[in-house]
Amino acid sequence: MSDEFLPPRVIATNAAAAFIDELRAKHGPVLFHQSGGCCDGSSPMCYPENEFLVGDQDIYLGEVHGAPFYISAPQFEYWKHTQLTIDVVSGQGGMFSLDNGSGQRFHVRSRLFTGAEYAALTEQSPERYA
């Protein structure tokens, strides 16, 4: 499977893309991080791109509607066999996430990659996905 046919590891719904546009209009460029920590760890967190320091152990999964998306290495180990879909639902966003206070929050859904998709993805260089 060539790179052009590899499934993206992270995608966004139309609702998430529209919400990202709203946040970008208010805050400028944004990025996402999925940490898996306590409290807000199960929600993808959205930050101003220039105000979040990506760690050495964070893994770049791809872009969500033009915003870089990172995941912590331990979370990647749990979710490396899934495609993440970023969506928006009603509710309170993460304490430090830009969606906080908006009445909406980002939500992650997932689907298992097929055997062929996962095999192709694991052939990629460690710098790209691990």
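Residues numbered from 1 in each chain as written. Predicted model: local features only at pLDDT ≥ 70, side-chain atom pairs only at ≥ 80, totals over all residues. Heavy atoms only, no water.

1. Comments concerning the pairing of strand β5 (residues 67-72)
So, step 1. β5 sits mainly inside the fold: 6 of its 6 residues count as buried.
So, step 2. Here β5 shows a buried face lined by A67, F69 and I71 and a second buried face lined by P68, Y70 and S72.
So, step 3. The pairing of strand β2 (residues 30-34) with β5 spans 3 bridges and is classified as parallel. Bridging across to β5, Q34 finds its partner in I71.
So, step 4. Pairing between strand β4 (residues 58-64) and β5: 6 bridges, direction antiparallel. Paired with G62 across the bridge in β5 is F69.
So, step 5. The turn joining β4 and β5, which pair antiparallel and follow one another in sequence, is formed by 2 residues; a positive phi near 50° is taken by H65. (Buried < 20%, exposed > 50% of the residue type's maximum accessible area, 1.4 Å probe, protein only. Helix = DSSP H or I, 4+ residues; strand = E, 2+ residues; numbered from the N terminus. Pairing = 2+ DSSP bridges.)

2. Remarks on the pattern of salt bridges
So, step 1. Inspection of every chain in the model, using the stated rule, returns 4 salt bridges.
So, step 2. Here E77 ties to K80 by a salt bridge, and the two come within 3.0 Å at their closest N and O atoms.
So, step 3. Overall, K80 belongs to the partly exposed group, its relative accessible area being 25%.
So, step 4. The salt bridge involving E117 is made with R111; its shortest N-O contact spans 3.0 Å. (Salt bridge = Lys/Arg side-chain N within 4 Å of Asp/Glu carboxyl O.)

3. Some details on helix α3 (residues 115-122)
So, step 1. The set of residues buried in α3 consists of E117, A120 and L121. Axial view of α3: buried residues confined to an arc of 100°, hence all on one face. In α3, the exposed positions angled more than 90 degrees off the buried face are occupied by G115 and A116. (Arc of directions from axis to C-beta.)

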